2 protein chains.
Amino acid sequence: MYTESIEDYLKAIYEIQKENGKVSTNSLSEMLSVAPASATGMIKKLSEKKLVTHKRYQGVKLTKAGQKISLEIIRHHRLIELYLAEALGVPWDQVHEEAEKWEHVLSEDLEDRMDAALGYPTRDPHGSPIPSRDGTILELDSIPLADLRAGQSAVVDEVSDHDPDLLRYVGKMGLYPKTKFKVLSIEPFNGPIKIKVEKSEHILGPGAAQYVFVTDIKGSKSEASQ
Amino acid sequence: MYTESIEDYLKAIYEIQKENGKVSTNSLSEMLSVAPASATGMIKKLSEKKLVTHKRYQGVKLTKAGQKISLEIIRHHRLIELYLAEALGVPWDQVHEEAEKWEHVLSEDLEDRMDAALGYPTRDPHGSPIPSRDGTILELDSIPLADLRAGQSAVVDEVSDHDPDLLRYVGKMGLYPKTKFKVLSIEPFNGPIKIKVEKSEHILGPGAAQYVFVTDIKGSKSEASQ
DNA sequence: AATAGAATTTAGTGGTATCTAAAAATAATA
DNA sequence: TATTATTTTTAGATACCACTAAATTCTATT
Ligand SMILES: [Mn+2]
Ligand SMILES: [Mn+2]
Ligand SMILES: [Mn+2]
Ligand SMILES: [Mn+2]
């Protein structure tokens, strides 16, 4: 249908749009590791195909059609990630790379079969919601672990999946989605965070704590929850 | 490593080489549904990369390096076909198309995991041998069902997997690999063939019988076996 | 308001892979 | 052998997607 490049751009636009609101040429070129001029060229093409709207020098926004395709590819991606983890035991830091390629050549029939084999799941191995076939997606309201305060406990909701090193680091202390933990202490000025998972204690760097999103916060009020 | 196009050409060259011996520009262009000029262009590129040897107007032949890659992709293809059939219940007439795309983006790690999950299989759903990781492959000596004579019984060894219609047709009468059957009658001049599979009788057209390969022939001597 | 810096776009190029049309080489036939 | 037919190659064009270098536009600062 569409080229792999087009699909990757649409996916990137969706993700930047959700994270930053505005989608600039530079942010796209950075996320996809291409030169800014390449992003401009593709933006022009996407715009002609009515997949995005674009005002010169003003960034880009997905149209309904563009978002539909974007969510379709994200669905592929996340179903694949979960399938690889569940059915073939691929570790959670490796599923992303594999899915990044496979997502573009997955048939609708196989998509459905994997969906059924997994019992119609709603989350991928990193906790990210899996879009439905008709293009709707759950919006998460979880907050970075880094914004918690000492004494609070919470449940891991989602972990950013773009850096395998982060996933291995976070996985070593058992911080998988749905895992409950407690913040024992948190040093000011973005200091290290001491947490307790199950029976064991871990120290978590602030750089990592920014990419672990949590929900179900219990205990004293968090400053970031408002 | 190599482009999808290069991999598809190498795979096609391997298959034509096995079937016809000589690999002409036209046979390649036909198998890959491209113009003869396109095949000539790719042959030039493959030749420069030392993946094939080529004498102008004389056809093409895989080098050791070319065959290695070719068998690597065929291994991907057949492992994928079997995995889809076994693990996800994809019917045998659909696995080929899915594998045709996926084979190019399968990682070595996932290849190994699928291999292990399947118990290190040696045949794909159509009976074709799966090349080993180091690039060796079993040579089959089965003959077309069409060459059998009345009264003989045999076992299906391999069915050509390029035409989904043929696979559905053949599948309807249960002629899957390893299935034993008996030839009840065979009309001369490429006439229809009456066979018995399990307890039921079927009529098989000669066009199809040419693409079903059999082994383990019992009964009166077949004219094609010498 | 003028200027400096950053972001974005334009212009021109290269690699890959395809195509059509025409030329060249080989093979088949009269 | 000469002619015709088939096969293969060459020539030239298009589409896609990336790049660098330079020009343009926007933004922030003085
Ligand atoms: Mn991708
Ligand atoms: Mn993920
Ligand atoms: Mn292929
Ligand atoms: Mn097969």
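Residues take numbers from 1 onward in each chain, read along the sequence in its written order. Chain A is the first chain written and ligand 1 is the first ligand written, with later ones labelled in order. pLDDT decides what is reported in this predicted model: residues at 70 or higher carry local features, side-chain atom pairs at 80 or more are listed and counted, and totals for whole chains, interfaces and linings draw on all residues regardless. Note that the side-chain values use all heavy atoms of the structure and ignore hydrogens as well as water.

Chemist: How would you sum up the sheet that holds strand β5 (residues 180-186) of chain B? Please name residues and give values.
Modeler: Residue and element names in this part refer to chain B. We treat two strands as partners when DSSP finds at least two bridges between them. Numbering goes from the N terminus for both helices and strands, where a helix is a DSSP run of H or I of at least four residues and a strand is a run of E of at least two. The strand order across the open sheet formed by six strands is β3-β8-β4-β5-β6-β7, and the pairing between neighbours is antiparallel. Edge positions in the sheet fall to β3 (143-144) and β7 (200-204), since each of these pairs with one other strand and no more. Where strand β6 (residues 193-197) lies against β7, five bridges are found, and the strand directions are antiparallel. The partner of isoleucine 195 across the bridge, within β7, is histidine 202. Throughout, a contact is declared for two residues whenever any of their heavy atoms are within 4.5 Å. Axes here refer to lines fitted to C-alpha atoms; in helices the fit is confined to the stretch in contact. Angles between the N-to-C directions go from 0 to 180 degrees. The sheet strands contacting helix α7 (residues 164-172) are β4 (153-159), β7 and β8 (212-218), and the helix crosses β7 at an angle near 150 degrees.

Chemist: With reference to specific residues and values, describe the pairing of strand β5 (residues 180-186) of chain A.
Modeler: Residues and elements named next belong to chain A. Both strand β4 (residues 153-159) and β5 contribute to a ladder of three bridges, which runs antiparallel. Bridging across to β5, serine 153 finds its partner in lysine 182. Strand direction decides the pairing type here: β5 and strand β6 (residues 193-197), joined by five bridges, are antiparallel. The partner of lysine 182 across the bridge, within β6, is lysine 196.

Chemist: Which residues make up unusual backbone geometry, and what values go with them?
Modeler: Positive phi is not limited to glycine here, since tyrosine 57 of chain A has a value of about 65 degrees. By the element assignment, tyrosine 57 of chain A lies in the loop between β1 (52-54) and β2 (60-62). Three exposure classes are used, based on accessible area relative to the maximum for each residue type with a 1.4 Å probe and protein chains only: buried under 20%, partly exposed in between, and exposed over 50%. Since its relative accessible area comes to 74%, tyrosine 57 of chain A is described here as exposed. The phi dihedral of lysine 50 of chain B is positive, around 60 degrees, even though this residue is not glycine. Mapped onto the secondary structure, lysine 50 of chain B falls in the loop between α3 (36-48) and β1 (52-54). Relative accessible area serves as the criterion here: at 63%, lysine 50 of chain B is assigned to the exposed category.

Chemist: Tell me about the interface of chain A and chain B, and name the residues and values.
Modeler: For interface size, the figure often reported is the accessible area lost on association. Contact residues are listed per partner, giving 19 residues for chain A and 19 residues for chain B. Buried area is a sum: the accessible area each of two parts loses on coming together, probed at 1.4 Å, counted once for each and added. Of the roughly 1,500 Å² buried between chain A and chain B on both sides combined, carbon and sulfur atoms contribute 60%. On the chain A side of the contact with chain B, Leu88, Glu98 and Arg113 of chain A bury the most area, a combined 37% of that side's loss. Salt bridge criterion: a side-chain nitrogen from Lys or Arg within 4 Å of a carboxyl oxygen from Asp or Glu. Put simply, chain A and chain B have zero salt bridges between them.

Chemist: Could you give me a rundown of the coordination of the manganese ion (ligand 2), with the residues and numbers involved?
Modeler: Residues and elements named next belong to chain A. A donor here means an N, O or S atom no more than 2.8 Å from the metal, or no more than 3.2 Å when the metal is Na, K or Ca. Since water is not included, a site may seem to lack partners. Taken together, Glu81 (OE), Asp124 (OD), His126 (ND1) and Asp161 (OD) make up the protein donors of the manganese ion (ligand 2), found 2.1 to 2.4 Å from the metal. We note that the donor set of the manganese ion (ligand 2) lies within a single chain, spaced as E-x42-D-x1-H-x34-D. With a relative accessible area of 5%, aspartate 124 lands in the buried category.

Chemist: Please set out the coordination of the manganese ion (ligand 1) residue by residue, giving values where relevant.
Modeler: Residue and element names in this part refer to chain A. Every protein donor of the manganese ion (ligand 1) is listed here as Asp8 (OD), Glu100 (O), Glu100 (OE), Glu103 (OE) and His104 (NE2), and their distances to the metal cover 2.2 to 2.7 Å. Between consecutive donors of the manganese ion (ligand 1), the numbers of intervening residues give the motif D-x91-E-x2-E-H. Residue aspartate 8 is located in helix α1 (residues 4-20), and its partner histidine 104 is located in the loop between α5 (95-102) and α6 (108-117); the two are separated by 96 residues in the primary sequence. Comparing aspartate 8 with histidine 104, the two get one shared label, buried.

Chemist: Which residues make up the protein's contact with DNA strand C, and what values go with them?
Modeler: Looking at DNA strand C, there are 22 residues lining it, with His54 of chain A together with Thr3, Ala35, Ser38 and Lys45 of chain B nearest. Being near a molecule or strand, for a residue, means having at least one of its heavy atoms within 4 Å of it. Of everything in DNA strand C that lies within 4 Å of the protein, sugar and phosphate atoms constitute 79%. Threonine 40 of chain A places a polar side-chain atom, nitrogen or oxygen, 3.1 Å from a phosphate oxygen of DNA strand C. Think of a polar contact as two N or O atoms within 3.5 Å of one another; within protein, one of them needs to be a possible hydrogen donor and the other a possible acceptor, and neighboring residues in sequence only count if both atoms come from side chains. A distance of 3.5 Å separates a phosphate oxygen of DNA strand C from a polar side-chain atom of tyrosine 9 of chain B. Residue assignment for the surface near DNA strand C shows that the elements contributing at least two residues are α2 (25-31) and α3 (36-48) of chain A together with α1 (4-20) and α3 of chain B. Each residue gets one of three labels, nonpolar for Ala, Val, Leu, Ile, Met, Phe, Trp, Tyr, Cys and Pro, charged for Asp, Glu, Lys and Arg, and polar for the others, Gly among them. Residue composition of the surface near DNA strand C, by class: nine nonpolar, nine polar and four charged.

Chemist: Could you give me a rundown of the nonpolar core, with the residues and numbers involved?
Modeler: Throughout this description, the term nonpolar core refers to a set of buried Ala, Val, Leu, Ile, Met, Phe, Trp, Tyr and Cys residues connected via side-chain atoms within 4.5 Å. Counting 30 residues, the largest nonpolar core has Met114 of chain A together with Met114 of chain B as the members making the most contacts within it. Of all the elements in the fold, those that place two or more residues in this core are α4 (64-88), α5 and α6 of chain A together with α4 (64-88), α5 (95-102) and α6 (108-117) of chain B. Each residue touching methionine 114 of chain A, except ones within four places of it in the same chain, is listed here: Leu79, Ile80, Tyr83, Trp102 and Leu106 of chain A together with Leu88 of chain B.

Chemist: Please provide a residue-by-residue account of the domain arrangement of chain A, values included.
Modeler: All names here are of chain A. Just so you know, the domain bounds were taken from an automatic or database domain assignment. Partitioning chain A into domains gives domain 1 (4-62), domain 2 (73-139) and domain 3 (143-225). If you average the C-alpha positions of domain 1 and of domain 2, the two centres end up 23 Å apart. Residue-level contacts link seven residues of domain 1 with ten residues of domain 2. Here domain 1 and domain 2 share an interface that buries about 730 Å² over both sides, 49% of which is from carbon and sulfur atoms. Here domain 1 is connected to domain 2 by three salt bridges.

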